[in-house]
Amino acid sequence: MSYSLRELAQRLNAVVVGDPEIEVTDIRSLDEATSGELSFLHNPKYVDQAVESDAGAILVADESLLPGRTLLVTPQPYLAMAQALELFRPVHRPSIGIHPTAVLEEDVDLAAGVSVGPYVIVGAGSKVGKNSVVGAGTVLGRDVRVGEDCWLHPRVVVEDGCRVGHRCILHSGVVIGSDGFGFATVDGVHHKIPQAGIVVIEDDVEIGANSCIDRATLGETRIGHGTKIDNLVQIAHNVVLGKGCLLAAGVGISGSTQIGDHVVFAGHSGTAGHLKIGDRVQVAGVSAAFKDVPADTVVAGVPARPLREWQRANASLFRIDKLRARVKQLEDKLEALCEEE
Amino acid sequence: MSYSLRELAQRLNAVVVGDPEIEVTDIRSLDEATSGELSFLHNPKYVDQAVESDAGAILVADESLLPGRTLLVTPQPYLAMAQALELFRPVHRPSIGIHPTAVLEEDVDLAAGVSVGPYVIVGAGSKVGKNSVVGAGTVLGRDVRVGEDCWLHPRVVVEDGCRVGHRCILHSGVVIGSDGFGFATVDGVHHKIPQAGIVVIEDDVEIGANSCIDRATLGETRIGHGTKIDNLVQIAHNVVLGKGCLLAAGVGISGSTQIGDHVVFAGHSGTAGHLKIGDRVQVAGVSAAFKDVPADTVVAGVPARPLREWQRANASLFRIDKLRARVKQLEDKLEALCEEE
Amino acid sequence: MSYSLRELAQRLNAVVVGDPEIEVTDIRSLDEATSGELSFLHNPKYVDQAVESDAGAILVADESLLPGRTLLVTPQPYLAMAQALELFRPVHRPSIGIHPTAVLEEDVDLAAGVSVGPYVIVGAGSKVGKNSVVGAGTVLGRDVRVGEDCWLHPRVVVEDGCRVGHRCILHSGVVIGSDGFGFATVDGVHHKIPQAGIVVIEDDVEIGANSCIDRATLGETRIGHGTKIDNLVQIAHNVVLGKGCLLAAGVGISGSTQIGDHVVFAGHSGTAGHLKIGDRVQVAGVSAAFKDVPADTVVAGVPARPLREWQRANASLFRIDKLRARVKQLEDKLEALCEEE
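Fair warning: this is a prediction, and the values are worked out from it, not measured in the lab.

(A) Quick look at the sheet that holds strand S2 (residues 15-17) of chain A. All names here are of chain A. If you trace the 4 strands from one edge of the open sheet to the other, you get S2-S6-S5-S4, paired in mixed fashion. Edge strands, defined here as strands with exactly one partner in the open sheet, are S2 and strand S4 (38-40). Averaged over all pairs of adjacent strands, the angle between strand axes in this sheet comes to 25°, irrespective of strand direction. Where S2 lies against strand S6 (residues 71-73), 3 bridges are found, and the strand directions are antiparallel.

(B) Representation of the domain arrangement of chain A. Taken as a whole, chain A is organised into domain 1 (3-88), domain 2 (97-307) and domain 3 (310-340). On a C-alpha basis, the centres of domain 1 of chain A and domain 2 of chain A stand 36 Å from each other.

(C) Geometry of the interface of chain C and chain A. The partner chain A presents 62 residues to the 68 residues of chain C that form the contact. For the pair chain C and chain A, the summed buried surface comes to about 5300 Å²; carbon and sulfur atoms form 66% of the total. Contact with chain A buries area across many residues of chain C, yet Phe181, His190 and Leu218 of chain C alone supply 13% of it, more than any other trio. Linking chain C to chain A there are 3 salt bridges. The partner of Asp321 of chain A in a salt bridge is Arg312 of chain C, and the shortest N-O contact between them spans 3.1 Å. Remark: the boundary between chain C and chain A carries 17 residue pairs in polar contact (both at pLDDT 80 or more). At the level of elements, strand S20 (175-178), strand S21 (183-186), strand S22 (189-192), strand S25 (212-214), helix H4 (307-317) and helix H5 (320-340) of chain C are the ones that each hand at least two residues to the side of chain C that touches chain A. The leading source of residues in the side of chain C that touches chain A is H5 of chain C, at 9 residues. Residue composition of the side of chain C that touches chain A, grouped by class: 35 nonpolar, 18 polar and 15 charged.

(D) Region of interest: unusual backbone geometry. Residue and element names in this part refer to chain A. In this chain, Val302 is followed by Pro303 through a cis amide linkage whose omega measures -5°. Following the sequence through the fold, Pro303 ends up in the loop between strand S38 (298-300) and strand S39 (305-306). Non-glycine residue Asp107 carries a positive phi angle of around 60°. Looking at the secondary structure, you find Asp107 in the loop between strand S8 (103-104) and strand S9 (109-110). Positive phi outside glycine occurs at Arg167, with the angle close to 55°. Mapped onto the elements, Arg167 comes out in the loop between strand S18 (163-164) and strand S19 (169-170).

(E) Broad picture of the relation of the copies chain C and chain A. Overlay of chain C on chain A (RMSD 0.1 Å): rotation 120°, translation along the axis 0.1 Å. Read as a symmetry element, the transformation amounts to a three-fold axis.

(F) Quick look at the packing of helix H1 (residues 5-12) of chain A against helix H3 (residues 77-88) of chain A. Residue and element names in this part refer to chain A. Contact geometry of H1 with H3 gives a least axis separation of 10 Å together with a crossing angle of 120°. The orientation of H1 relative to H3 falls into the category oblique. H3 is crossed by H1, and the crossing has right-handed handedness. Contacts between H1 and H3 involve Leu8, Arg11 and Leu12 on the former and, on the latter, Ala80, Gln83, Ala84, Leu87 and Phe88. For the contact of H1 with H3, the residue count by class is 6 nonpolar, 1 polar and 1 charged.

(G) How the structure looks around the environment of Val281 of chain C. Residues and elements named next belong to chain C. With respect to the helices and strands, the residue Val281 is situated in the loop between strand S35 (276-277) and strand S36 (282-283). With a relative accessible area of 0%, Val281 lands in the buried category. Taking the C-alpha atoms as reference points, Val281 and Val233, separated by 48 residues in sequence, lie 18 Å from one another. Residues contacting Val281, with those up to four places away along its chain left out, are His262, Val263, Val264, Val293, Pro294, Ala295, Asp296 and Thr297.

(H) Focus on the sheet that holds strand S16 (residues 151-152) of chain A. Residues and elements named next belong to chain A. Strands sit in the order S7-S10-S13-S16-S19-S24-S27-S30-S33-S36-S38-S39 across an open sheet of 12 strands; the sheet is mixed. Among the strands making up the open sheet, the edge pair consists of strand S7 (97-98) and S39. Bridge analysis of S19 against strand S24 (residues 206-207) gives 2 bridges, and the strand direction is parallel. Paired with Ile169 across the bridge in S24 is Glu206.

(I) Main features of the confidence of the model for chain A. Overall, the prediction assigns chain A a mean pLDDT of 96, with 100% of residues at 70 or greater. Across the interface, the model reports ipTM at 0.95; the global pTM reads 0.96.

(J) Broad picture of the interface of chain B and chain A. Contact with chain B, which involves 62 residues of that partner, is made by 68 residues of chain A. Where chain B abuts chain A, roughly 5200 Å² becomes buried across the two surfaces, and 66% of that area is made up of carbon and sulfur atoms. Among the residues chain B hides against chain A, the three largest losses belong to Tyr119, Arg155 and Phe318 of chain B. Together they make up 13% of the total. Taken together, chain B and chain A are joined by 3 salt bridges. In this structure, Glu206 of chain B and Lys192 of chain A form a salt bridge, with 2.8 Å as the shortest nitrogen-oxygen distance. Of the residues forming the side of chain B that touches chain A, the biggest block, 11 residues, is contributed by helix H5 (residues 320-340) of chain B.

(K) Fine view of the pairing of S20 of chain C. Residue and element names in this part refer to chain C. Strand direction decides the pairing type here: strand S17 (residues 157-158) and S20, joined by 2 bridges, are parallel. When the bridges of S20 are listed, Val158 appears paired with Ile176. Of the strand pairs in this sheet, S20 and S25 are connected by 3 bridges, and their pairing is parallel. Each residue of the ladder has a partner; that of Val175, found in S25, is Cys212.

(L) Seen up close, the side chain of Ser126 of chain B. Residues and elements named next belong to chain B. Checked against the element boundaries, Ser126 lands in the loop between strand S11 (121-122) and strand S12 (127-128). Ser126 sits in the buried class, given a relative accessible area of 0%. Among the polar contacts made by the side chain of Ser126, one reaches the main-chain amide nitrogen of Asp143 at a distance of 3.1 Å. Among the polar contacts listed, one links the side chain of Ser126 to the backbone nitrogen of Val144, at a separation of 2.8 Å.

What counts as what
- Residues numbered from 1 in each chain as written.
- Chains lettered and ligands numbered in written order.
- Predicted model: local features only at pLDDT ≥ 70, side-chain atom pairs only at ≥ 80, totals over all residues.
- Heavy atoms only, no water.
- Pairing = 2+ DSSP bridges.
- Helix = DSSP H or I, 4+ residues; strand = E, 2+ residues; numbered from the N terminus.
- Axes fitted to C-alpha atoms, helices over the stretch in contact; angles between N-to-C directions.
- Domains from an automatic or database assignment.
- Contact = heavy atoms within 4.5 Å.
- Buried area = accessible area lost by both parts, 1.4 Å probe.
- Salt bridge = Lys/Arg side-chain N within 4 Å of Asp/Glu carboxyl O.
- Polar contact = N/O pair within 3.5 Å; in protein donor to acceptor, adjacent residues only side chain to side chain.
- Nonpolar A, V, L, I, M, F, W, Y, C, P; charged D, E, K, R; others polar.
- Least-squares fit on C-alpha atoms with pLDDT ≥ 70 in both.
- Parallel < 35°, antiparallel > 145°, perpendicular 65-115°, else oblique.
- Left-handed = near helix turned anticlockwise from the far one by under 90°.
- Buried < 20%, exposed > 50% of the residue type's maximum accessible area, 1.4 Å probe, protein only.
- pLDDT = per-residue confidence, 0-100.

Here's what the structure looks like:
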């Protein structure tokens, strides 16, 4: 595959700086791209690498960063890079059809264009929408719904009654609809609360490898439209996650917590249960909210506090020694003064 | 399915407040239940929701919280809710029998009433007790024991020689008996210590999705009777967990640590290795014990300290600025005093 | 199986203290070994247990710790224990051959001595080196490379194009080559960045149960030679992990971070993305590096600081009350002094 910069500029909504007839055959990272290849500068941390890169052309937002270079200038170089990747490196999609080893129970409804891999199991009454991929060894329980254009990677589990929207991606090892962690403890014995609810995953959601979304005790655990979840994330029963959220790896959201839209949880952060986290909240890495967080707040620490407050307190912690020295000096001076008198 | 409140009161060990002839057809959450349905009030945080709920009757411990409402009063409304769920929403159990695709190696012993799903693999010499469910795609190694009335969800792995008691629930993706993390490092090379022990899971244990229990180096890793473990929990080799413990999601217990009975680990907490954690200890969320914890202690922080101590220190941290201002004032006053003289 | 101490001394590079004709039939822990069995003392914490142990002989580095006992003295008792385990408890290896239920796509190349378990799936063009074990239900994608003498436990996934070196061990539930977590967010919509790179795992790497290694966006995510990774660890896209590193359970390494050789991450620790962590760095448990860490540094805390600094600050935190009392005393004295005047 080969594209001229002129062609790429059209497809990627970019402007060529330099010779538009230059042809590139692939997109690679700044340190790997050769003179016949495209690269990209997204994170300003890597400007020096871009300057030294052998790349034949570079996607960039601000042409003044790379004077004298052949560029494709676009306000969103990262998005353009994604589009270029789709051109140069189309993903291999498993071929359409039902592998003969797939076990389909009664009343299963698989739409046209579906790809069902080897050793897949689809429980009674379940439906998979058109053009969806169900990867090898995946298990769908009874009465499961999977929408159109989804991609379930190998070894996913979706338990009974759970619903996955359109264009969702579930990576390997994901478990949707495991029982919530609920017990009524009487005299030290933990009696299981049956988990009779479901999980609803709205459209355009992506869930990373080995992440778990528990089914609700009653009602639904819900993952909002366009929310993206990384690997090894835990979403407990009856959580409601809003639209367009980002949850990095290792995040844990405890039961019944309600999270607004466009909320960001950095790696290994989380919340206690039964909280309300407002729209556009950002929780710093390895931080945990123990109480409600109002909209548009950035919080950090355990328990989480507004970021500034936490940063100041954290810095103070490393200056206590100095404060202690000042107090000692005061004590000495005062003692000297008293003795003097 | 429909029950009168009179009938439910008998079955759930409750007392009717209001008309005992009222019939309810389901149990749902306070905001979802209609006038023909039962609901429950367990967490006082939701009293307002209960007052406004359309539910035809509400399970509650204290009738004074909901004056004028039709109630089922019981000292344990959460337990009664669990029992009501079993009445109204009986769980679908896979049908009894061995799926023809199951691979059973030599000398496998499956008791009466067992349900073995598609693509299950049972290694040589393994036994499954009566009425247990082995979900689709689950792999039992050689010489594994699974007791009676267990439920192994799809895609569980129990490695060679490990033993699971009666009435245990293992959720999807659970791995029992993976190798412990043990190396003898000589001149920078990490030589693997073979992990020759097993895992023993006592009766009435539940283990959440994608959690891992490592086999012992020698001897056993043991999970005590009635202990409940949430999703994505790590139990290292040679850990001994007591009876009736609760481990929330994301908890990690390092190697050879011994944990007493009725210990609670909140979300994302854990311990270092080779420790003793006493009976009834509670470890707060995102906290980690780096040394032994005596019985009946609540600890928090990293490293964990008694809760009160940690709370006071944490509060202090956010008042250091104020303390610094007082020291500055003292310095100024003292300087003024000295100059005066 | 039975060995005299004389024989064991030869095989384990040890010196007998006591009667070399004593025969032992197994190796067990200090509290379990009987007079006909060998045990070992590695961690000085267990000297008292060793003194009271019934073991017929004990592997130990320093004979003065256990006067009067029959010993096998060796500078590396833990390594010798590993070697003794291999003698007394040889691991059961699945028999060589391809299980008839394995699905092999076109152009699959399985070398001599390979063991491929039931319900394994090997994608087109993939190769497995000689004597490797591919456990039940494992899924290898297209164009995957697995080296010689590897052991993939049941239910591993290695996605398209990823490469595993020689003598690697992947435990159950491991996912190699899931998509990295990358989005270009425009007007609140998260557009997926295709993850077109691969994962390269060098020789002698071990990866624990349910751990995830994401494929690179472009280029490689790389795990260096001899690095050992515990359970439930997350390695993000484009991370480069050096040689001989140890990552304990629950660790998370964010995208594009470069980690040197012989780095140690204790349990539940991690780093932010795009960092450089030098050779031989040690990160304490539940700590997180938010910026680069120079070689040969031990760091702790969130954000991580040099260990000593963090320890002093942490200790200070619990003495602020005392400091506050001293300031109060100074204020009182100074006031008294002023009034006096």
